[in-house]
Amino acid sequence: MQVLTINGQRRELDVDPDMPLLWAIRDVLELTGTKFGCGQALCGACTVMVDGMPTRSCQTSVGDAAGKPVVTIEGVDGKVAAAVQAAWVKLDVPQCGYCQSGQIISAVGLLSQNRKPNDDDIDAAMSGNLCRCATYHRIRGAIHEAARMLEA
Ligand code: FES
Ligand code: FES
């Protein structure tokens, strides 16, 4: 039995500790906001927070995540997350939307560490999150907008 803390809830899972966290999140816990893209830590679609850090859940085992707080797109909250979500809506960031939960988790991670990121900071923090619709310009703008909202 594996015990995970997901979005503030303790969940017991009858799964192998080597199961990728992404499988547990999507297939066992049915939290489908987190997406499967490459399965190889290359695209960022599967990004969730583990212990406060944006983490590729396709390359993290359930056993590795046990005992640490895991937050998925369904559970992000707080001041930074609210600003990011509001900025995403204001700038109408998503196109197909597939990559966006991973993008938002990474943006929350960035702004939690750095309230005033410049373009280079943003590019560095977001470089592992690919968007096949190429919404990068709006993502960058929305992160600046979220930073402004947090300043106000
Ligand atoms: S699915 Fe995990 S990084 Fe692509
Ligand atoms: S919005 Fe379509 S992949 Fe990013």
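Counting starts from 1 at the beginning of each chain's written sequence and moves along it residue by residue. Ligands are numbered from 1 and chains lettered from A, in the order in which they are written. In view of the model being predicted, local features appear only for residues whose pLDDT reaches at least 70, and side-chain atom pairs are presented and counted only at 80 or more, with totals across whole chains, interfaces and linings using the full set of residues. As a rule here, side-chain values cover all heavy atoms of the structure and leave hydrogens and water aside.

As recorded in an unreviewed UniProt entry, the protein chain goes by the name (2Fe-2S)-binding protein, listed as coming from Prosthecodimorpha staleyi.

Student: Honestly, the overall build of the protein chain in this entry has me stumped. Any pointers?
Tutor: Strands are runs of DSSP state E lasting at least 2 residues, helices are runs of H or I lasting at least 4, and numbering of each runs from the N terminus. A count of helices and strands for the protein chain gives six helices and five strands. Each helix and strand of the protein chain, placed in order from N terminus to C terminus, yields the pattern β-β-α-β-β-α-β-α-α-α-α. Radius of gyration here is computed from C-alpha atoms only, and the compact-globule reference equals 2.2 Å multiplied by the residue count raised to the power 0.38. A globule of 152 residues ought to have a C-alpha radius of gyration of about 15 Å, and the protein chain, at 15 Å, matches this closely. Across its three principal directions, the C-alpha atoms of the protein chain cover 45 × 30 × 25 Å. Partitioning the contacts of the protein chain with sequence separation of at least 6, the portion at a separation of at least 24 is 61%. Using a 1.4 Å probe, the Shrake-Rupley method yields the accessible areas, and only the shown protein chains count as cover for residues. With an accessible surface of roughly 7,700 Å², the protein chain has 49% of that area assigned to carbon and sulfur atoms. Measuring between centres, the 14 positive side-chain charges of the protein chain sit 7 Å from its 17 negative side-chain charges. Contacts are assigned to residue pairs with any non-hydrogen atoms lying within 4.5 Å of each other. A residue counts as positive if it is Lys or Arg and as negative if it is Asp or Glu; His and the chain ends are not included. Charged side chains are reduced to one point each, which is NZ for Lys, CZ for Arg, CG for Asp and CD for Glu.

Student: Please explain the sheet that holds strand S2 (residues 9–13) as it appears in this structure.
Tutor: Working definition: the strands of a sheet are paired by backbone hydrogen bonds and lie parallel or antiparallel to each other. Should DSSP find at least two bridges between two strands, the strands are taken to pair. Spatial ordering of the open sheet is given by S2-S1-S5-S3-S4, a layout of five strands whose pairing is mixed. Strands with a single pairing partner mark the edges of an open sheet, and in this sheet they are S2 and strand S4 (53–56). Mean inter-strand twist for the sheet, computed between neighbouring axes without regard to direction, equals 40°. Of the pairings in the sheet, the one linking strand S3 (residues 47–50) to strand S5 (residues 69–71) comprises two bridges and is antiparallel in character. Bridged to Met 49 within S5 is Val 71. In this description, a line fitted to the C-alpha atoms serves as the axis of each element, helices being fitted only across the stretch in contact, and the angle between N-to-C directions of two axes falls anywhere from 0 to 180 degrees. In this fold helix H1 (residues 21–28) packs onto strand S1 (2–6), S2, S3 and S5, with an angle of close to 105° to the strand it touches most, S3. Set on the sheet, helix H4 (residues 100–113) makes contact with S3, S4 and S5; between it and S3 the angle comes to about 40°.

Student: I tried to follow H1 on my own but got confused; where do I start?
Tutor: Note that an α-helix has 3.6 residues per turn; residues three or four places apart therefore point the same way. Listed in full, the buried residues belonging to H1 are Leu 21, Leu 22, Ala 24 and Ile 25. Structurally, H1 contributes buried residues whose contacts are with S1, S2, S3, helix H2 (62–65) and S5. Glu 30, located one to two residues past H1, shows a positive phi value of around 60°. To sort residues, take the accessible area from a 1.4 Å probe on protein chains only and compare it with the maximum for the residue type: under 20% means buried, over 50% means exposed, and anything in between is partly exposed.

Student: In this structure, what is going on with the packing of aromatic side chains? I would like to understand it.
Tutor: We describe a pair of aromatic rings using the distance from one ring centre to the other and the angle between the two ring planes. The criterion for an aromatic pair is that two Phe, Tyr or Trp rings (for Trp, the six-membered ring) have centres within 6.5 Å, with stacked assigned to planes under 30 degrees apart, edge-to-face to planes over 60 apart and tilted to the rest. Within the structure shown, the criterion is met by one aromatic pair. A ring pair is formed by Trp 23 and Phe 36, whose centres lie 5.6 Å apart and whose planes are at 80°; its orientation type is edge-to-face. Remark: Phe 36 occurs in the loop between H1 and S3 and Trp 23 occurs in helix H1; sequence separation between them is 13 residues.

Student: What exactly am I supposed to notice about the packing of helix H3 (residues 79–90) against helix H6 (residues 136–151) here?
Tutor: Think of two packed helices as two axes; the pair is described by the angle between the axes and how far apart they sit. Two numbers describe how H3 lies on H6: the axes approach to 8 Å, and their chain directions differ by 130°. Classified by the interaxial angle, the pair formed by H3 and H6 is oblique. Viewed along their axes, H3 and H6 form a crossing whose handedness is right-handed. Across the interface between the two elements, Lys 79, Val 80, Ala 83, Val 84, Ala 86, Ala 87, Trp 88 and Lys 90 from H3 touch Ile 139, Ala 142, Ile 143, Glu 145, Ala 146, Met 149 and Leu 150 from H6. Relative orientations are named as follows: roughly parallel for angles under 35 degrees, roughly antiparallel for angles over 145 degrees, roughly perpendicular for angles from 65 to 115 degrees, and oblique for any other angle. Two helices crossing with the near one rotated counterclockwise from the far one by less than a right angle form a left-handed crossing, whereas a clockwise rotation gives a right-handed crossing.

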